[in-house]
Amino acid sequence: MRIPGPGDPITSTANPRIKAALALRERRGRSQSGRLLVDGAREMQRALESDLTVREAFVAPGPLQPEAAALVARLAAIGVPLVGVAGAAWSRLAYGERGSEIVAVVDVPPTALAHVEGIVALRRDPLLIVVEDAEKPGNLGAIARSADGAGATALLVGVHQHAAADPWNPNAIRASLGTMLSLPIAIAPSTTLLSWLRARAIRVIAARVQAAADYRDTDLRGPLAIVVGSEAAGLGPVWLAGDIVAVHLPMRGRADSLNVSAAAAILLYEACRQRDRDAATP
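Residues numbered from 1 in each chain as written. Predicted model: local features only at pLDDT ≥ 70, side-chain atom pairs only at ≥ 80, totals over all residues. Heavy atoms only, no water.

Novice: Account for the pairing of strand β11 (residues 245-248), naming residues and giving values.
Specialist: Bridge count between strand β8 (residues 203-207) and β11: three bridges; the pairing is parallel. Paired with Ala207 across the bridge in β11 is Val247. Bridge count between strand β9 (residues 213-214) and β11: two bridges; the pairing is parallel. Bridge assignment links Ala213 to a residue of β11, and that residue is Val247. (Pairing = 2+ DSSP bridges. Helix = DSSP H or I, 4+ residues; strand = E, 2+ residues; numbered from the N terminus.)

Below is the structure:
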């Protein structure tokens, strides 16, 4: 069967290629195939910059914006199959109302702790963000975006009571602006993560509403892991160990806590501020 190009688009939602791609919007489909969907030219650029394997790319009908056109040319140059899609098939495939012009099938990046081992070892003062039992993929993506902006070394996704939000959920990738595809990520049980951090002499700071220490008065320099938990249940008991410093963010209104992604951003940038201050001191 000839692979249709952008000038000969697929229009049927019953097409096997479209059905296989749509299955990747669900966690089960991603787990079974080891692949994910990337929506948009900006996100695809980050996937390519991270040397992820692109299996195929679906292209919207009509003239493309310059960024998308350049990306299509780049994908063609490296031999990625391009599939034109239009009509009902594109309406199903494209993500919501965001107006993506490219939707690509990409291999899932590795998420074993061994994958981030070498990256952490290369940093003199690694800064890690640990997210336990993240409930919403959008929050996880927003945390990845903040981690990228703050220059964090890696994102560790901890699992305590239930399966954590999937980093490869389209909502997570979209909220991260594609940084979920370039930031080193590992997923493991929380007990495994804590043991791994201890073995590498990485201090742990845990965000807790009830903590006595103010984050602004806490040393966030040196090898450090900042841990945030689910908004519904907070952090699990593994993070109550005596060698872990608990900190809180002062709340001056009626709410007792911030959205987890906002809290993570504040803590990451406070760590940046302290480190930058030290670097600027003669």
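Novice: Please set out the nonpolar core residue by residue, giving values where relevant.
Specialist: Ranked by internal contacts, the top residues of the largest apolar core, which has 56 residues, are Met44, Leu75, Ile129, Leu155 and Val228. Apart from residues no more than four positions distant in its own chain, Leu75 is found in contact with Met44, Leu48, Val54, Ala57, Val80 and Leu82. Of all hydrophobic cores here, the second largest spans 22 residues; its members include Leu113, Ala154, Ala186 and Leu197. (Core = buried A, V, L, I, M, F, W, Y, C linked by side-chain atoms within 4.5 Å. Buried < 20%, exposed > 50% of the residue type's maximum accessible area, 1.4 Å probe, protein only. Contact = heavy atoms within 4.5 Å.)

Novice: For the sheet that holds strand β10 (residues 224-228), give the residues involved together with the corresponding values.
Specialist: One open sheet holds the seven strands; their spatial order is β7-β6-β5-β10-β8-β11-β9, and the pairing between them is parallel. Edge positions in the sheet fall to β7 (185-189) and β9, since each of these pairs with one other strand and no more. Contacts from helix α6 (residues 113-122) reach β5 (127-132), β6 (154-159) and β7, with the element oriented near 125° to β7. (Axes fitted to C-alpha atoms, helices over the stretch in contact; angles between N-to-C directions.)

Novice: I'd like a description of empty space enclosed by the protein, backed by residues and values.
Specialist: Scanning all chains against the criterion turns up one cavity of 30 Å³ or more. Roughly 50 Å³ of volume is contained in the largest cavity. Forming the walls of the largest cavity are Val131, Ala134, Glu135, Lys136, Asn139, Leu140, Ile143, Gly229, Ser230, Glu231 and Val260. With three residues, the top contributor of residues to the lining of the largest cavity is helix α7 (residues 137-149). Residue composition of the lining of the largest cavity, grouped by class: five nonpolar, three polar and three charged. (1 Å grid on protein atoms, 1.4 Å probe; cavity = no way out; pocket = protein on both sides within 12 Å on 5 of 7 lines; lining within 4 Å. Points joined across faces, edges and corners; volume = space filled by probe spheres on them. Nonpolar A, V, L, I, M, F, W, Y, C, P; charged D, E, K, R; others polar.)

Novice: Run through the side chain of Asp107, naming residues and quoting values.
Specialist: Within the fold, Asp107 resides in strand β4 (residues 102-107). There is a polar contact of 2.8 Å between the side chain of Asp107 and the side chain of Arg55. Excluding its chain neighbours within four sequence positions, the residues that come into contact with Asp107 are Gly34, Arg35, Leu36, Thr53 and Arg55. (Polar contact = N/O pair within 3.5 Å; in protein donor to acceptor, adjacent residues only side chain to side chain.)

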